[in-house]
Amino acid sequence: MKHHMKNLALLTLFFCCIFFTSSAQLPNAGFEEWDSASVVNGVKIYNPVNWYSRNADMVGIGRTSPVSLTKDAHSGSYAIKITTSFDDNDELAGTLSSGSKAPFGDPKQAAFEEKFKLTGRIKSYSAWYKYTPATEMDSFTVRIAFYLRGKAYGAAYFTGGATNVYKQFLWTLTYPDNIEMADSAKFLIFSSKYTGNEGTELILDDIEVQYKTPTGIEDITQPAWSVYPNPAEDKMNLFGIPPKVRAIVVANSQGTVVKEPELTQNSIDVSDLKPGFYWLTLKDEDGNQSTVKFAKQ
């Protein structure tokens, strides 16, 4: 069985903050394509194309698949549901990695796992999620591991908590000075941070990763000021803003100015913006300016 539709983004590195950039391709980033090429003990194993799970291993020992298709999607027809469970050795099976391995039982490339080639320095990544932890203490992790010439080179990760409605996380990366760019990467997704939380459920959809800023906006470094909440719904607070701010400009992802809001008690109104990604630029009296990217829910 194969379903088809969306294809969004690729990957990212090292330390973390909060602004954004322009997208790359990660196969089946919206989890619309699934196959059932493997059969274990008479049971079909359904896996998302271009992703690897432990479904076959778990079904082989009489457990249910920890990774499954769900129609509770943020967009398109399907999303992925990852359920925390444990094998006979108490190893966590609620995991998913990008890339793929040979079908269960294939004697040739059973250990093969593909990494994604990078064509630029990754700046940020995001995804939409719902999360139902078995205990209040549990959390999920979406991690990106980086490689250079076949060796582990660094990682970045986002950790999130409970929500019964779709939320988006937006995570931005900064790099040490003069560091060589990684040449490949892969995602690793964990539905539980802690053991003992069997039954925890993570629904994930629409992963997006971006390399550089939209056309017409220069690539920028992370400024000292920040915005919260991000994503925002109605009001967005600005923290650590520079002195002598003269103008505030909001541009859409194509670089078109859509709003010049007034700063009121270090916050701005974004309730009239459509859902999506935007650039927020502060300009001071000396002509200096700095920019962050935010999401509007």
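Above this text you will find the structure in question.
Residues numbered from 1 in each chain as written. Predicted model: local features only at pLDDT ≥ 70, side-chain atom pairs only at ≥ 80, totals over all residues. Heavy atoms only, no water.

A.B. asks: Help me understand the overall build of the protein in this model?
C.D. replies: Looking only at helices and strands, one finds one helix and 22 strands in the protein. Per-residue burial over the protein gives 50% buried out of 297 residues. Counted over contacts in the protein with a minimum sequence separation of 6, partners at least 24 positions apart contribute 69%. For the protein, the exposed area adds up to about 14,400 Å²; of that, 49% sits on carbon and sulfur atoms. (Helix = DSSP H or I, 4+ residues; strand = E, 2+ residues; numbered from the N terminus. Buried < 20%, exposed > 50% of the residue type's maximum accessible area, 1.4 Å probe, protein only. Contact = heavy atoms within 4.5 Å. Areas by Shrake-Rupley, 256 points an atom, 1.4 Å probe, with all protein chains shown as cover.)

A.B. asks: So what exactly am I meant to see when it comes to the side chain of Thr 95 here?
C.D. replies: Among the secondary structure elements, Thr 95 is positioned in strand β8 (residues 95-98). Setting aside chain neighbours within four positions, we find Thr 95 in contact with Tyr 52, Ser 53, Arg 54, Val 67, Ile 82, Ile 189 and Phe 190.

A.B. asks: Help me out: how do you make sense of the pairing of β8 in this one?
C.D. replies: Within a regular strand, the side chains alternate between the two sheet faces. What you see with β8 is no split at all: Thr 95 and Ser 97 on one side and Leu 96 and Ser 98 on the other are buried throughout. Here strand β5 (residues 51-53) pairs with β8 via three bridges, running antiparallel. Opposite Tyr 52, over in β8, you have Ser 97 as the bridge partner. (Pairing = 2+ DSSP bridges.)

A.B. asks: What's the story with the packing of aromatic side chains in this structure? I'm lost.
C.D. replies: What characterises a pair of aromatic rings is the spacing of the ring centres plus the angle enclosed by the ring planes. The final tally for this structure, using the stated rule, is eleven aromatic pairs. Ring plane angle 85° and centroid distance 5.8 Å describe the contact between Tyr 125 and Phe 169, whose orientation is recorded as edge-to-face. In this pair, Tyr 125 is assigned in strand β10 (residues 124-132) and Phe 169 in strand β13 (residues 163-174), connecting sequence segments 44 residues apart. The exposure class of Tyr 125 is buried, given its relative accessible area of 0%. Pairing Phe 158 with Trp 171 gives two aromatic rings, centres 5.7 Å apart and planes at 65°, and the pair type is edge-to-face. Taken together, the residues span a long stretch of sequence, with Phe 158 in strand β12 (residues 151-160) and Trp 171 in strand β13 at a distance of 13 residues. (Phe/Tyr/Trp six-rings, centres within 6.5 Å; stacked < 30°, edge-to-face > 60°.)

A.B. asks: Explain the pairing of strand β17 (residues 235-239) here, please?
C.D. replies: Taking every second residue as pointing to the same face, the buried face of β17 carries Met 236 and Leu 238, while none of Lys 235, Asn 237 and Phe 239 on the other face is buried. Where strand β16 (residues 226-228) lies against β17, three bridges are found, and the strand directions are antiparallel. For Tyr 228, the partnering residue across the bridge sits in β17 and is Asn 237. Linkage of β16 to β17, two consecutive antiparallel strands, is achieved through a turn of six residues. Bridge analysis of β17 against strand β20 (residues 267-269) gives three bridges, and the strand direction is antiparallel. The residue of β20 that forms the bridge with Met 236 is Ile 268.

A.B. asks: I would appreciate a short explanation of unusual backbone geometry in the present structure.
C.D. replies: Among all residues except glycine, the phi angle is most often negative; among peptide bonds, the trans geometry is most common. For the peptide bond that leads from Tyr 228 to Pro 229, omega is -5°, which places it in the cis range. Examined against the element boundaries, Pro 229 turns out to sit in the loop between β16 and β17. Look at the link from Asn 230 to Pro 231: it is a cis peptide, with omega at 15°. Locating Pro 231 in the fold gives a position in the loop between β16 and β17. Within the chain, Asn 41 stands out as a residue other than glycine whose phi angle is a positive 50°. Tracing the backbone through its elements, the reader meets Asn 41 in the loop between β3 (34-40) and β4 (43-48). Of note in this structure, Asp 206 is not a glycine but carries a positive phi near 55°. By secondary structure assignment, the location of Asp 206 is in strand β15 (residues 201-212).

Limitation: the analysis is restricted to geometry and does not speak to function.
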